[in-house]
Amino acid sequence: MLQLNVKNETSRLRAVVLGSAVNNGPTPTADEAYDPKSLEHILAGTYPVEEDMVDEMEAFNKVFQKYDVKVFRPEMIENYNQIFTRDIGFVIDDVFIKANILPDRNRELDAIQYVINQINPNKVVRPPDDVHIEGGDVMLWNDYIFIGTYKGSDYKDYITARTNMLGVQYIKELFPNKIVKEFDLVKSKLEARDNALHLDCCFQPVGTNKGIIYKSGFREEADYVYLVKLFGKENLFHITRDEMYHMNSNVFSIAPDVVVSEKNFTRLNNWLREQGFTVEEIPYAEIAKQEGLLRCSTLPLIRD
């Protein structure tokens, strides 16, 4: 049995589900796009090709091997995008929560069922159908659970709104001893530079007391101020609108002092090194065209 344990974003990683770009299927049509960034690249003819994405994910896998992390991969579904495992489930403490994702993507959960079968069934839960929550919106920080949501009355009109307030309430009830704080995120169906698809598109902790943040990703300035007060402004790396678009906050921590980052994130990677981090740089710019990056393509199961 897998003894699940995830209490934050940065403790030493021992086991993870890494997505797969193998047999990813044809380029979607504009009508099939789930987010404005994918749509932009579909229309421009620059949507990523499978070969490049497989190479990028293999580079990520090699970093995990270097650090002796146990890596699970989804079973292959033909002609199907299985890159973003963070969307389909997530672990809090020792509980595996199946996400209620967009209905078209339910098969992705089936593809990791062999992993779920290795977990104590009493520790696997699935929210009711009206509860929407995806792993990219759920950020663990020891006693805190940060959750990205969208509070607009037009929630149902936004395919980019992935976690509702019922999702926030569900987590509060499931973990009554945690401090659960929701963040109202900026959403756009048309402009990727103004769309925080998930919380990890505009914020993520690194190390033991630092974080990466994009102020304009929050609809309410009070939510941004909350994080500044909690972490301290001097400990936060502020990214620009363009850096948010390129997913600079969507790096992935293997340990408190080891961060996997995209090799083109020059300003961020230099800052991380100045703060004492080891930065494992890999190419991931093609996958980024689908409005997801390193955190999005991982589902941590066990950390120290």
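Here the structure is shown first, and the text comes after it.
Residues numbered from 1 in each chain as written. Predicted model: local features only at pLDDT ≥ 70, side-chain atom pairs only at ≥ 80, totals over all residues. Heavy atoms only, no water.

Together, Glu 50, Glu 51, Asp 52, Asp 55 and Glu 58 make up a negatively charged patch on the protein surface. Relative to the elements of secondary structure, Glu 58 occurs in helix H2 (residues 50-66). You can call Glu 58 partly exposed: its relative accessible area is 32%. (Patch = residues over 30% accessible without salt bridge, like charges linked within 9 Å, V, L, I, M, F, W, Y side chains within 5 Å. Areas by Shrake-Rupley, 256 points an atom, 1.4 Å probe, with all protein chains shown as cover. Salt bridge = Lys/Arg side-chain N within 4 Å of Asp/Glu carboxyl O. Lys, Arg positive; Asp, Glu negative; His and termini not counted. Charge placed at Lys NZ, Arg CZ, Asp CG, Glu CD. Helix = DSSP H or I, 4+ residues; strand = E, 2+ residues; numbered from the N terminus. Buried < 20%, exposed > 50% of the residue type's maximum accessible area, 1.4 Å probe, protein only.)

Here the focus is helix H8 (residues 266-274). If you check which residues of H8 are buried, you get Leu 268, Asn 269, Trp 271 and Leu 272. Buried residues of H8, seen end-on, are gathered within an arc of 160 degrees and therefore sit on one face of the element. Against the buried residues of H8 lie strand E9 (203-206), strand E10 (210-213), strand E11 (236-238), strand E13 (258-262) and strand E14 (278-282). Looking one or two places after H8, you find Gly 276, whose phi comes out positive at around 95 degrees. (Arc of directions from axis to C-beta. Contact = heavy atoms within 4.5 Å.)

Counting buried positions along E13 gives five out of five residues, so the element sits mostly inside the fold. Burial along E13 is two-sided: the residues Val 258, Val 260 and Glu 262 and Val 259 and Ser 261 are all buried. Pairing between strand E12 (residues 252-255) and E13: three bridges, direction antiparallel. What sits directly across from Ser 253, in E13, is Val 259. Following E12, the chain reverses through two residues before pairing antiparallel with E13. Looking at chain direction, E13 and E14 are connected through five bridges and run parallel. Bridge pairing links Val 259 to Val 279 in E14. (Pairing = 2+ DSSP bridges.)

Along the polypeptide, Asn 100 turns up in the loop between strand E4 (95-98) and helix H3 (106-110). Since its relative accessible area comes to 9%, Asn 100 is described here as buried. Of note is the side chain of Asn 100, whose polar atom sits 3.2 Å from the side chain of Arg 126. A distance of 2.6 Å separates a polar side-chain atom of Asn 100 from the backbone oxygen of Pro 128. Each residue touching Asn 100, except ones within four places of it in the same chain, is listed here: Arg 126, Pro 127, Pro 128, Asp 129, Val 131, His 132 and Ile 133. (Polar contact = N/O pair within 3.5 Å; in protein donor to acceptor, adjacent residues only side chain to side chain.)

So, about the environment of Val 168. As for its placement among the helices and strands, Val 168 is situated in helix H5 (residues 165-174). Sequence separation of Val 168 and Arg 12 is 156 residues, and the distance between their C-alpha atoms is 27 Å. With residues up to four places along the chain from it excluded, the contact list for Val 168 reads Ile 147, Thr 149, Val 180 and Glu 182.

Remark on secondary structure: sheet strands pair via backbone hydrogen bonds, oriented parallel or antiparallel. With respect to topology, three strands assemble into an open sheet ordered E2-E1-E15, the strand pairing being mixed. Two strands close off the open sheet at either side, each with one partner strand: strand E2 (70-72) and strand E15 (298-303). Taken over all neighbouring pairs, the strand axes of this sheet differ in orientation by 20 degrees on average, direction set aside. Two strands pair when backbone bridges link them, and strand E1 (residues 13-18) and E15 are joined in this way by five bridges, in the antiparallel orientation. Each residue of the ladder has a partner; that of Val 16, found in E15, is Pro 300. Sitting on the sheet, H2 is in contact with E1, E2 and E15, with an inclination near 160 degrees to E1. (Axes fitted to C-alpha atoms, helices over the stretch in contact; angles between N-to-C directions.)

Further remarks concern the nonpolar core. Most often, soluble globular proteins have nonpolar side chains that are buried together. Of all hydrophobic cores here, the largest spans 59 residues; its most connected members are Phe 60, Phe 64, Phe 146, Leu 199, Phe 203, Phe 218 and Ile 254. Examining the composition of this core, we find that six residues originate from one element, H2, more than from any other. Leaving out residues up to four positions away in the same chain, Phe 60 has contacts with Leu 18, Phe 252, Val 260, Ile 282, Tyr 284, Leu 294, Ser 297 and Thr 298. If you look at the next biggest cluster of nonpolar residues, it comprises 36 residues, including Val 6, Ile 101, Ile 116 and Leu 301. (Core = buried A, V, L, I, M, F, W, Y, C linked by side-chain atoms within 4.5 Å.)

Let us now look at the packing of aromatic side chains. Applying the stated rule across the entire model yields 13 aromatic pairs. Centroid distance Phe 64 to Phe 252: 5.9 Å. Interplanar angle 85 degrees. Geometry classified as edge-to-face. Linking Phe 64 in helix H2 with Phe 252 in strand E12, this pair joins segments that are 188 residues apart in sequence. Comparing Phe 64 with Phe 252 shows no difference in burial state: the two are buried. (Phe/Tyr/Trp six-rings, centres within 6.5 Å; stacked < 30°, edge-to-face > 60°.)

Here we come to the environment of Leu 199. Residue placement: Leu 199 occurs in the loop between strand E8 (179-184) and E9. On the basis of relative accessibility, which here comes to 0%, the residue Leu 199 falls in the buried class. Sequence spacing of Leu 199 and Gly 136 is 63 residues, and the spatial spacing of their C-alpha atoms is 6.2 Å. With residues near it in sequence (within four places) discarded, Leu 199 still touches Gly 136, Asp 137, Met 139, Phe 146, Ile 147, Gly 148, Phe 183, Leu 185 and Phe 218.

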